[in-house]
Amino acid sequence: QVQLVESGGGLVQPGGSLRLSCAASGIFFSPYTMHWYCQAPGKQREFIASITKNRNTNYQNSVKGRFTISRDNAKNTVYLQINNLKPEDTAVYYCNGRYAADDYWGKGTQVTIST
């Protein structure tokens, strides 16, 4: 069974940092392009960042400079480092993996930024 499991979310004060993780199982991970998305309540899911098998990265313009995507193929894991967290970053963060005809999603991890 294919699974993408996000972790690392939680309640953080503005200005803090988080590193989200997405652990994949049931797939040969290395050729997959991995993505992070976020979805706030009542809003559409939005693209954040992606990373290819060759570690080429792509970012939503609004998150450049604060968000960094990376991957560790030995651990079948993709990461999202978020710095200088803002209240508007509050959302459920989803991991996605795509390769050929495959398109897999995790169930998300909640990130809440509040005092």
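Residues numbered from 1 in each chain as written. Predicted model: local features only at pLDDT ≥ 70, side-chain atom pairs only at ≥ 80, totals over all residues. Heavy atoms only, no water.

A. Spatial organisation of the sheet that holds strand β3 (residues 18-25). Pairing within the open sheet is antiparallel, and its 4 strands lie in the order β1-β3-β8-β7. Each edge of the sheet is formed by a strand with only one pairing partner; in this case those strands are β1 (3-7) and β7 (67-72). Across the sheet, the axes of successive neighbouring strands diverge by a mean angle of 15°, strand direction being ignored. By the bridge criterion, 5 bridges tie β1 to β3 in an arrangement that is antiparallel. (Pairing = 2+ DSSP bridges. Helix = DSSP H or I, 4+ residues; strand = E, 2+ residues; numbered from the N terminus. Axes fitted to C-alpha atoms, helices over the stretch in contact; angles between N-to-C directions.)

B. Layout of the state of the cysteines. Inspection of every chain in the model, using the stated rule, returns 1 disulfide. There is a disulfide in this structure between C22 and C95, and the S-S distance comes to 2.0 Å. Judged by the sign of its S-S torsion, about -80°, the bond between C22 and C95 is left-handed. Within this pair, whereas C22 is found in strand β3, its partner C95 is found in strand β9 (residues 91-99), the two being separated by 73 residues in sequence. Side by side, C22 and C95 carry an identical accessibility label, which is buried. (Disulfide = S-S within 2.5 Å. Buried < 20%, exposed > 50% of the residue type's maximum accessible area, 1.4 Å probe, protein only.)

C. Representation of the pattern of salt bridges. Following the criterion strictly, the structure yields 2 salt bridges and no others. The salt bridge involving D89 is made with R66; its shortest N-O contact spans 2.8 Å. One end of the pair, D89, is in the loop between β8 (77-82) and β9; the other, R66, is in the loop between β6 (57-59) and β7, and 23 residues separate them in sequence. The same class applies to D89 and to R66, which are both buried. (Salt bridge = Lys/Arg side-chain N within 4 Å of Asp/Glu carboxyl O.)

D. Molecular detail of the pairing of β7. Of the two faces of β7, the one lined by F67, I69 and R71 is fully buried and the one lined by T68, S70 and D72 carries no buried residue. Pairing of β7 with β8 involves 6 bridges; the strand directions are antiparallel. Paired with T68 across the two strands is Q81, which belongs to β8. If you look at the hairpin formed by β7 and β8, you'll find 4 residues sitting between the two strands, and N76 has a positive phi there, around 50°.

E. Geometry of unusual backbone geometry. One non-glycine residue, R55, lies in the positive phi region at around 65°. Secondary-structure assignment places R55 in the loop between β5 (46-51) and β6. With a relative accessible area of 45%, R55 lands in the partly exposed category. For A100, which is not glycine, the phi dihedral falls at a positive 55°. With respect to the helices and strands, A100 occurs in the loop between β9 and β10 (102-105).

F. Up close: the nonpolar core. Judged by nonpolar contacts, the single largest core of 28 residues is most densely connected at W36, I48, L80 and Y93. When contributions to this core are tallied by element, the ones reaching two or more residues are β3, β4 (33-39), β5, β7, β8, β9 and β11 (109-113). It is β3 that provides the largest number of residues to this core, a total of 4 residues. (Core = buried A, V, L, I, M, F, W, Y, C linked by side-chain atoms within 4.5 Å.)

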